[in-house]
Amino acid sequence: DAGITQSPRHKVTETGTPVTLRCHQTENHRYMYWYRQDPGHGLRLIHYSYGVKDTDKGEVSDGYSVSRSKTEDFLLTLESATSSQTSVYFCAIKGGSMYEQYFGPGTRLTVT
Amino acid sequence: EDKVVQSPLSLVVHEGDTVTLNCSYEVTNFRSLLWYKQEKKAPTFLFMLTSSGIEKKSGRLSSILDKKELFSILNITATQTGDSAVYLCAVEPSGNTPLVFGKGTRLSVIA
């Protein structure tokens, strides 16, 4: 599992509320990523980070913000959750012997 | 625009069959191509390929890359029901650029 955890694993929230998802890694990897996965769309990159306080947008960043104040944690915030943000969210890190990418277990978010 | 296309989108085979999944790509500054298997959870890493013509193998799964023709194949021999999953192909355009994913091939292996 490459030392990646995500919390919470499941969450149900109401439209308009802020939500923060956490990705934690134990191996000091520099690169971290947030994806969402929806039927028919595959994996889509939301934001990524290439170091503490260094982040960049992915293809579906609208409505999301991120923060990385320390190497091990990458937070994804939905500023005001909408039903279209109901999805499974995966965190990933780039590590391993060949610098390959590994995924966390995922967070299932439902916005009602 | 960088692009990864997988084919077929879905496939149904019987146990014991051999399958070939395809991944073609158009990216700038190619660094690597990766294969993942996804069951009802997070994608799990299978292979990373960086050089043409060198087969990567793990049990009944193998993969090879052709950088001239810009494609890769993933072979699964003697398929089992446990091979049923979505197989994802991704390409890394350069060392610091995020992966570009294909839409995946859904493989169903029936007994």
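Attention here is on the structure that accompanies the text. (Residues numbered from 1 in each chain as written. Chains lettered and ligands numbered in written order. Predicted model: local features only at pLDDT ≥ 70, side-chain atom pairs only at ≥ 80, totals over all residues. Heavy atoms only, no water.)

1. Considering the interface of chain B and chain A
Facing the 19 residues of chain B at the interface are 20 residues of chain A. Interface of chain B and chain A: buried area, both sides summed, is about 1500 Å²; carbon and sulfur atoms make up 62% of it. Our count for the chain B to chain A interface comes out at 1 salt bridge. Taking the shortest distance from any N to any O, the salt bridge between B:Glu92 and A:Lys94 comes out at 2.7 Å. There are 3 residue pairs in polar contact (both at pLDDT 80 or more) connecting chain B and chain A. Taken together, the residues of the side of chain B that touches chain A break down into 10 nonpolar, 4 polar and 5 charged. (Contact = heavy atoms within 4.5 Å. Buried area = accessible area lost by both parts, 1.4 Å probe. Salt bridge = Lys/Arg side-chain N within 4 Å of Asp/Glu carboxyl O. Polar contact = N/O pair within 3.5 Å; in protein donor to acceptor, adjacent residues only side chain to side chain. Nonpolar A, V, L, I, M, F, W, Y, C, P; charged D, E, K, R; others polar.)

2. A word on the sheet that holds strand β6 (residues 56-58) of chain B
Residues and elements named next belong to chain B. On the basis of which strands lie adjacent, the open sheet formed by 5 strands has the order β1-β3-β8-β7-β6 and antiparallel pairing. If you trace the sheet from one side to the other, it starts and ends with β1 (3-7) and β6, each paired once. Strand-to-strand twist in this sheet, taken as the mean axis angle between neighbours without regard to direction, amounts to 15°. In terms of strand pairing, strand β3 (residues 19-26) meets strand β8 (residues 71-76) through 6 bridges, oriented antiparallel. Looking at the pairing, Ser 24 lines up with Phe 71 of β8. (Pairing = 2+ DSSP bridges. Helix = DSSP H or I, 4+ residues; strand = E, 2+ residues; numbered from the N terminus. Axes fitted to C-alpha atoms, helices over the stretch in contact; angles between N-to-C directions.)

3. Thoughts on the environment of B:Thr79
Residues and elements named next belong to chain B. Mapped onto the fold, Thr 79 is located in the loop between β8 and β9 (85-92). We classify Thr 79 as buried; its relative accessible area is 2%. Distance in space between the C-alpha atoms of Thr 79 and Lys 67 is 27 Å, their sequence separation being 12 residues. Each residue touching Thr 79, except ones within four places of it in the same chain, is listed here: Val 13, His 14, Glu 15, Gly 16, Asp 17, Val 19, Arg 60 and Val 109. (Buried < 20%, exposed > 50% of the residue type's maximum accessible area, 1.4 Å probe, protein only.)

4. A closer look at the layout of surface pockets
Within this model, the largest pocket holds a volume of roughly 870 Å³. For the lining of the largest pocket, the elements supplying multiple residues, two or more each, are β4 (32-38), β9 (87-95) and β11 (107-111) of chain A together with β9 and β11 (105-110) of chain B. By residue class, the composition of the lining of the largest pocket is 10 nonpolar, 15 polar and 8 charged. Around the second largest pocket sit 21 residues that line it, and A:Leu43, A:Glu59, B:Asp2, B:Val100 and B:Phe101 are the ones nearest its centre. Of all the secondary-structure elements, those providing two or more residues to the lining of the second largest pocket are β5 (42-51) of chain A together with β1 and β10 (100-101) of chain B. Per element, the largest residue contribution to the lining of the second largest pocket is 4 residues, and it comes from β5(A). A per-class count over the lining of the second largest pocket returns 9 nonpolar, 5 polar and 7 charged. (1 Å grid on protein atoms, 1.4 Å probe; cavity = no way out; pocket = protein on both sides within 12 Å on 5 of 7 lines; lining within 4 Å. Points joined across faces, edges and corners; volume = space filled by probe spheres on them.)

5. Some details on the sheet that holds strand β1 (residues 4-7) of chain A
Residues and elements named next belong to chain A. Spatially, the 4 strands line up as an open sheet ordered β1-β3-β8-β7, and their pairing is antiparallel. Every interior strand has two partners, whereas the edge strands, β1 and β7 (64-70), have only one. With direction set aside, neighbouring strand axes in the sheet form an average angle of 20°. Here β7 pairs with strand β8 (residues 73-78) via 5 bridges, running antiparallel. Along β8, the bridge assignment pairs Tyr 64 with Leu 78.

6. Some details on the state of the cysteines
Disulfides are covalent bonds that connect the sulfur atoms of two cysteines. Residues and elements named next belong to chain A. Across all of its chains, the model carries 2 disulfides over all chains by this definition. Note that Cys 23 is cross-linked by a disulfide to Cys 91, the S-S spacing being 1.8 Å. Residues Cys 23 and Cys 91 are joined by a disulfide whose S-S torsion is about -70°; by sign, that bridge is left-handed. Linking Cys 23 in strand β3 (residues 19-25) with Cys 91 in strand β9, this pair joins segments that are 68 residues apart in sequence. Note on accessibility: Cys 23 and Cys 91 belong to one class, buried. (Disulfide = S-S within 2.5 Å.)

These figures come from the coordinates and say nothing about function on their own.
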